[in-house]
Amino acid sequence: MKLLPCSAAKTTSPVTQNTVEDEMEMATVRHRPEALELLEAQSKFTKKELQILYRGFKNECPSGVVNEETFKEIYSQFFPQGDSTTYAHFLFNAFDTDHNGSVSFEDFVMGLSILLRGTVQEKLNWAFNLYDINKDGYITKEEMLDIMKAIYDMMGKCTYPVLKEDTPRQHVETFFQKMDKNKDGVVTIDEFIESCQKDENIMRSMQLFENVI
């Protein structure tokens, strides 16, 4: 992840300990994150991990918050072979939990904590929120198709084998039929979680990034 290895400039004297430097840095940004202790209690990261994350976040976002355009620019660097704009838009909205048009360090940490260290239930809840584009508590076939198309756009045309134009729709039809247990045209969070837990491929993918940091 691009955000992790970056380091921020020191703001205190060379003799000051690293932990004090980090506390001072966190106090100087325009948007001051919550105290490290509180974030440590709320997330599944250690204080040292949070300090590393914060240095990287501040390096990319000196103001302490990231707007959607900056988020898209950062994300596009991971997928140069495709167009990640639409998927980054959906991902930004999932991280922006209070829907104020920006992602703070707290938003970033809490989302990352779930994705990397969360339980299966927490990860599936987060994924459901991503697919529930209009946040009405249900996933429609159109919402699932929008996300699937965005993923295919992001992966680019260089995938092998080369994908047909109607491949995303075919995949959505298959997934949606499995998930929509009562055939009412929408997928509830219970239907979503139950279907995902029965899918070995989905469960395996949930464990891939648990120890990234």
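Residues numbered from 1 in each chain as written. Predicted model: local features only at pLDDT ≥ 70, side-chain atom pairs only at ≥ 80, totals over all residues. Heavy atoms only, no water.

Naming follows an unreviewed UniProt entry, where the protein appears as Kv channel-interacting protein 4 of Coturnix japonica. Recorded under Sequence similarities (unreviewed entry), the UniProt text for the protein is reproduced unchanged: "Belongs to the recoverin family." (UniProt positions renumbered as here; feature names shortened; annotations may be inferred.)

Asker: Would you mind going over the overall build of the protein in detail, with residue names and values included?
Answerer: When its secondary structure is counted, the protein shows 11 helices and four strands. The buried share of the protein, taken over its 213 residues, is 42%. Counting only contacts in the protein whose residues sit at least 6 apart along the sequence, the fraction spanning at least 24 positions is 61%. Taken as a whole, the protein presents about 11,800 Å² of accessible surface, with 55% of it coming from carbon and sulfur. (Helix = DSSP H or I, 4+ residues; strand = E, 2+ residues; numbered from the N terminus. Buried < 20%, exposed > 50% of the residue type's maximum accessible area, 1.4 Å probe, protein only. Contact = heavy atoms within 4.5 Å. Areas by Shrake-Rupley, 256 points an atom, 1.4 Å probe, with all protein chains shown as cover.)

Asker: Outline the packing of aromatic side chains, supporting the account with residue identities and numerical values.
Answerer: Aromatic ring pairs are reported here in terms of the distance separating the ring centres and the angle at which the planes meet. Per the counting criterion, the structure on display carries 13 aromatic pairs. Geometrically, the ring pair formed by phenylalanine 128 and phenylalanine 192 is edge-to-face, given 5.6 Å between the ring centres and 70° between the ring planes. Of the two residues, phenylalanine 128 sits in helix 7 (residues 120-131) while phenylalanine 192 sits in helix 10 (residues 189-197), which places them 64 residues apart along the sequence. Each member of the pair, phenylalanine 128 as well as phenylalanine 192, carries the same accessibility label: buried. On the basis of an interplanar angle of 45° and a centroid distance of 6.2 Å, the ring pair of tyrosine 131 and phenylalanine 192 is categorised as tilted. On the criterion of sequence distance, the pair formed by tyrosine 131 in helix 7 and phenylalanine 192 in helix 10 is long-range, its members being 61 residues apart. Here tyrosine 131 falls in the buried class, since its relative accessible area comes to 17%. Given a relative accessible area of 4%, phenylalanine 192 falls into the buried group. An aromatic cluster is defined as three or more aromatic residues linked by ring pairs; in this entry it consists of Tyr54, Phe57, Phe71, Tyr75, Phe78, Phe79, Tyr87, Phe92, Phe95, Phe105, Phe108 and Trp126. (Phe/Tyr/Trp six-rings, centres within 6.5 Å; stacked < 30°, edge-to-face > 60°.)

Asker: Tell me about helix 9 (residues 167-179), and please be specific about residues and values.
Answerer: Helix length check: helix 9, at 13 residues, gives a terminal C-alpha distance of 18 Å against a target of 18 Å (1.5 Å per residue), a fit within 8%. Those residues of helix 9 that sit buried are Thr167, Pro168, Val172, Phe176 and Met179. Taken down its axis, helix 9 places every buried residue within 155° of arc, on the same side. In the core, the buried residues of helix 9 are packed alongside strand 3 (139-140), helix 8 (141-155), strand 4 (186-187) and helix 10. (Expected span 1.5 Å × (residues − 1). Arc of directions from axis to C-beta.)

Asker: How would you explain the side chain of serine 43 if you had to name every residue and give the values?
Answerer: With respect to the helices, strands and loops of the structure, serine 43 is situated in the loop between helix 2 (36-42) and helix 3 (47-60). Taking relative accessible area as the criterion, serine 43 reaches 8% and is therefore assigned buried. A distance of 2.8 Å separates a polar atom in the side chain of serine 43 from the backbone oxygen of leucine 39. Among all residues touching serine 43, those that are not within four sequence positions of it are Leu50, Val109, Met110 and Ser113. (Polar contact = N/O pair within 3.5 Å; in protein donor to acceptor, adjacent residues only side chain to side chain.)

Asker: For the UniProt feature "domain: EF-hand" (unreviewed entry) in the protein, give the residues involved together with the corresponding values.
Answerer: Those residues carrying the UniProt feature "domain: EF-hand" (unreviewed entry) are residues 83-118, 119-154 and 167-202 in this numbering. Annotation note: span residues 119-154, helix share 72%, strand share 6%, distance between end C-alpha atoms 27 Å. Spanning residues 167-202, this segment combines 69% helix with 6% strand, and its end C-alpha atoms are found 19 Å apart.

Asker: Lay out the environment of phenylalanine 79 with the relevant residues and their values.
Answerer: Along the chain, phenylalanine 79 turns up in the loop between helix 4 (68-76) and helix 5 (85-95). With a relative accessible area of 18%, phenylalanine 79 lands in the buried category. Through-space distance from the C-alpha of phenylalanine 79 to that of aspartate 153 is 9.9 Å; in sequence the pair is 74 residues apart.

Asker: Got a sec to walk through the confidence of the model for the protein? Specific residues and values, please.
Answerer: The pLDDT averaged across the protein works out to 81; a share of 76% of its residues lies at or above 70. pLDDT under 50 marks residues 1-16. Its contacts with residues more than four places away, or in other chains, come to 33 contacts. Low confidence marks residues 26-31, where pLDDT is under 50. Its contacts with residues over four positions away, or in another chain, come to 18 contacts. (pLDDT = per-residue confidence, 0-100.)

Asker: Provide a residue-level description of the nonpolar core, including the pertinent values.
Answerer: The biggest cluster of nonpolar side chains holds 47 residues, and the ones touching the most others in it are Tyr87, Leu91, Phe105, Phe108, Leu130 and Phe192. Mapped onto the domain boundaries, this core takes at least three residues apiece from domain 1 (46-117) and domain 2 (120-212). Among residues more than four places away in sequence, those in contact with leucine 130 are Tyr87, Phe90, Leu91, Ala94, Lys135 and Ile147. (Core = buried A, V, L, I, M, F, W, Y, C linked by side-chain atoms within 4.5 Å. Domains from an automatic or database assignment.)

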